[in-house]
Amino acid sequence: MSQDTEHDHDSQANRPNDERTNASTTTPVPEGGDTPKESGSPSKDIEVDKEADEPIKATEDLENDDLPEEISDEDKETIKKVASDDNLSQAKSYASILVEQVIHAKETFERSLGSLFTSAFTAGLEIGISFFMILSAFALLNDVIPSRYAMVLSSLLYPIGFIIVVIGQSLLFTEQTSLLSLPVLNKIEPLHKLLRLWGIVIAGNIVGGCIFAALMIGLGLRMHLFTDHAIDVYAEHILGFEWWVIFGSAVLAGWMMGVAAWLVTSARDTLSRIVLVTLITGSIGFLGLHHSIVGNIEVFSALLYGNTVSLWRYLVFLVVVLVGNTVGGVVFVAVLKNRTFLFEIEKVKEQAAEARAKMDRRRF
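The text that follows walks through the structure, step by step, so that each part is easy to find.

### Quick look at the overall build of the protein chain
Next up, step 1: Tallying secondary structure elements over the protein chain gives 16 helices and zero strands in all.
Next up, step 2: Counting only residues that meet the buried cut, the protein chain has 43% of its 364 residues in that class.
Next up, step 3: Of all intrachain contacts in the protein chain linking residues separated by at least 6 positions in sequence, the fraction that spans at least 24 positions is 78%.

### Concerning the packing of helix α13 (residues 243–266) against helix α14 (residues 270–287)
A packed helix pair is summarised by two numbers, namely the angle formed by the two axes and the spacing between the axes.
Next up, step 1: Following both chains from N to C, one finds α13 and α14 inclined at 175 degrees, their axes separated by 9 Å at the closest point. With respect to α14, the axis of α13 lies roughly antiparallel. From α13, Ala253, Met256, Met257, Ala260, Leu263 and Val264 reach across to α14, where they touch Arg273, Leu276, Val277, Ile280, Thr281, Ser283 and Ile284.
Next up, step 2: Residues belonging to the contact of α13 with α14 are distributed by class as follows: 10 nonpolar, two polar and one charged.

### Digging into the pattern of salt bridges
Next up, step 1: Here the structure, examined in full by the defined rule, presents three salt bridges.
Next up, step 2: For lysine 193, the salt bridge goes to glutamate 189, with nearest N and O atoms at 3.2 Å.
Next up, step 3: Notably, a salt bridge pairs arginine 313 with glutamate 236, separated by 3.2 Å at the nearest N-O pair. One end of the pair, arginine 313, is in helix α16 (residues 311–363); the other, glutamate 236, is in helix α12 (residues 228–239), with 77 residues separating them in the sequence.
Next up, step 4: For arginine 313, a relative accessible area of 29% corresponds to the partly exposed category.
Next up, step 5: Connected through salt bridges with shared partners, the residues Lys106, Glu189 and Lys193 form a single ionic network.

### Some remarks on the nonpolar core
Next up, step 1: Judged by nonpolar contacts, the single largest core of 68 residues is most densely connected at Ile217 and Phe226.
Next up, step 2: Take this core: its biggest share by element is 12 residues, from helix α11 (residues 191–222).
Next up, step 3: Excluding its chain neighbours within four sequence positions, the residues that come into contact with isoleucine 217 are Phe131, Phe132, Leu135, Phe212, Phe226, Ile231, Ser301 and Tyr305.
Next up, step 4: Of all hydrophobic cores here, the second largest spans seven residues; its members include Ile97, Ile188, Trp262 and Ala334.

### Remarks on the environment of leucine 279
Next up, step 1: Relative to the assigned elements, leucine 279 resides in helix α14.
Next up, step 2: The class of leucine 279 is exposed, set by a relative accessible area of 53%.
Next up, step 3: Between the C-alpha atoms of leucine 279 and proline 159, which are 120 residues apart in sequence, the distance is 8.1 Å.

### Some points on the packing of helix α9 (residues 159–168) against α14
Next up, step 1: Between α9 and α14, whose axes approach to 9 Å, the crossing angle comes to 140 degrees. The angle between α9 and α14 places the two elements in the oblique class. Between α9 and α14 the crossing geometry is right-handed. Contacts between α9 and α14 involve Pro159, Phe162, Ile163, Val166 and Ile167 on the former and, on the latter, Thr270, Arg273, Ile274, Val277, Thr278, Thr281 and Gly282.
Next up, step 2: Tallied by class, the residues present in the contact of α9 with α14 amount to seven nonpolar, four polar and one charged.

### Side note on the packing of aromatic side chains
Next up, step 1: One pass over the structure, following the stated rule, counts nine aromatic pairs.
Next up, step 2: Taking the centre distance of 5.5 Å and the plane angle of 55 degrees together, the rings of phenylalanine 300 and tyrosine 314 count as tilted. With phenylalanine 300 in helix α15 (residues 292–305) and tyrosine 314 in helix α16, this residue pair connects regions lying 14 residues apart in the sequence.
Next up, step 3: Aromatic ring contacts, followed pair by pair, group Phe131, Phe138 and Tyr234 into a single cluster.

### Re α12
Next up, step 1: In this model α12 runs 16 Å from its N-terminal to its C-terminal C-alpha over 12 residues, within 8% of the 16 Å that 1.5 Å per residue would give.
Next up, step 2: Burial in α12 covers these residues: Ala230, Ile231, Asp232, Tyr234, Ala235, Ile238 and Leu239.

### As for the environment of phenylalanine 226
Next up, step 1: With respect to the helices, strands and loops of the structure, phenylalanine 226 is situated in the loop between α11 and α12.
Next up, step 2: Residue classification places phenylalanine 226 among the buried residues on the basis of a relative accessible area of 4%.
Next up, step 3: Phenylalanine 226 sits 91 residues away from leucine 135 along the chain, and the two C-alpha atoms are 6.8 Å apart.

### Concerning the side chain of aspartate 232
Next up, step 1: For aspartate 232, the location among the structural elements is in helix α12.
Next up, step 2: For the buried aspartate 232, no salt bridge is present, and the opposite-charge side chain at shortest range is arginine 313, 8.2 Å distant.
Next up, step 3: Contact partners of aspartate 232, with chain neighbours within four places excluded, come to Ala302, Gly306, Asn307 and Thr308.

### Topic: the environment of glycine 288
Next up, step 1: Along the polypeptide, glycine 288 turns up in the loop between α14 and α15.
Next up, step 2: Residues glycine 288 and histidine 237, spaced 51 residues apart in sequence, show a C-alpha to C-alpha distance of 8.2 Å.
Next up, step 3: With residues up to four places along the chain from it excluded, the contact list for glycine 288 reads His237 and Ser249.

### Structural notes on unusual backbone geometry
In terms of backbone geometry, most residues other than glycine have negative phi values and most peptide bonds are trans.
Next up, step 1: One non-glycine residue, glutamine 169, lies in positive phi territory at about 60 degrees.
Next up, step 2: Mapped onto the fold, glutamine 169 is located in the loop between α9 and α10 (173–185).
Next up, step 3: Residue class for glutamine 169 comes out exposed when judged on its relative accessible area of 64%.
Next up, step 4: In this model, lysine 187 sits at a positive phi of 60 degrees, which is unusual for a non-glycine residue.
Next up, step 5: Mapped onto the elements of the fold, lysine 187 is located in the loop between α10 and α11.
Next up, step 6: Take lysine 187: its relative accessible area is 74%, and that puts it in the exposed class.

Criteria and thresholds
What you see as residue numbers is a count from 1 along each chain, following the sequence as written. Side-chain atom pairs in this predicted model are given and counted only at pLDDT of 80 or more, local residue features only at pLDDT of at least 70, and totals for whole chains, interfaces and linings cover all residues. Note that the side-chain values use all heavy atoms of the structure and ignore hydrogens as well as water. In this text, helices come from DSSP runs of H or I with a minimum length of four residues, and strands from runs of E with a minimum of two, each type numbered from the N-terminal end. Only protein chains enter the area calculation, which uses a 1.4 Å probe; residues under 20% of their type maximum are buried, those over 50% are exposed, and those in between are partly exposed. Only heavy atoms enter the contact rule, under which two residues are in contact if any of them lie within 4.5 Å. In this analysis, axes come from line fits to C-alpha atoms, helices being fitted only over the stretch in contact, and the angle between any two N-to-C directions falls in the range 0 to 180 degrees. By the definition adopted for this analysis, an angle is roughly parallel if under 35 degrees, roughly antiparallel if over 145, roughly perpendicular if from 65 to 115, and oblique otherwise. Residues are grouped as follows: Ala, Val, Leu, Ile, Met, Phe, Trp, Tyr, Cys and Pro are nonpolar; Asp, Glu, Lys and Arg are charged; all remaining types, including Gly, are polar. For salt bridges, the criterion is a side-chain nitrogen of Lys or Arg within 4 Å of an Asp or Glu carboxyl oxygen. In this description, a nonpolar core means a group of buried Ala, Val, Leu, Ile, Met, Phe, Trp, Tyr and Cys residues linked to one another through side-chain atoms lying within 4.5 Å. A crossing counts as left-handed when the near helix is turned anticlockwise from the far one by less than a right angle, and as right-handed when that turn is clockwise. Working definition: a ring pair exists when centres of Phe, Tyr or Trp rings (six-membered ring for Trp) sit within 6.5 Å. Plane angles under 30 degrees give stacked, over 60 give edge-to-face, the rest tilted. Multiplying 1.5 Å by the helix residue count minus one yields the expected span of that helix. Within this scheme the basic residues Lys and Arg register as positive and the acidic residues Asp and Glu register as negative, but His and the chain ends are omitted.

Here is the structure:
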């Protein structure tokens, strides 16, 4: 062994453990600044984790191609800066949630009409499970406790259908209302495409809900899980208010559903999303707020199998609740949160401009 080799070996052995580790694992950086990927299983594990966690990839590894072409290059760089979200131990940043929602909304706009309607139709069927369970529990409890308490206790089953829809990623109108309006608010998509998209989702939800009511509620009657009297009582529980009261209740329900969509996006795992959906939709059911898609099934069931609901009452109810849910989701969630995000973007732009101005002054 040569003296130079012995000298290198001795100096390496005398270094602290950390320095020896760094010296042994450091890879030279080639010209051009690109760092080669390390070989071995750790790198593969990291790549698999990122691919498995779509929301993290959408914000931490955000690229220009991920953002809509309508946004300028300068704005894309600013958005990537404020939306960076690489700390898994903390809640997602405000900007990363909104950017992720805009990206997903843009993808929804690009889906085919058949895909949109099928997904919305599936959501209409799935959300009916909530009413089927509520009605069965109400009919059972109504025989042993006062009707008021039976109504409240049975409403605790309200989240079941929503959990199925949200985790299964079907298109539910009230959940998607605020989400789908974001590209329009940011002038990425035109208003007429949003209205067409809303129309498809609403139609799919309502058709699916009506078919569920015709088949499954009829099946429940034949199975003696509930009676037509229970269907009428529950329908009057929904309809027994003046129209402006129903509208106000629908606005609040739409607001809460928009908040639910926001919170679900902020969650990093499925269990957290289930808990959030349960809390928000359970509150809607407990308070008896008016949700257009579930309410459609509740009132349409009474129209088919009950004795108190007319076609006119059903149609008026449906229109009022749909408008109320839309106002609540768009105004109180999408508009306000989008404006907050835009203020944050402007702040970052101002800071960048000030930094450039300081550099220019130093240069001259």
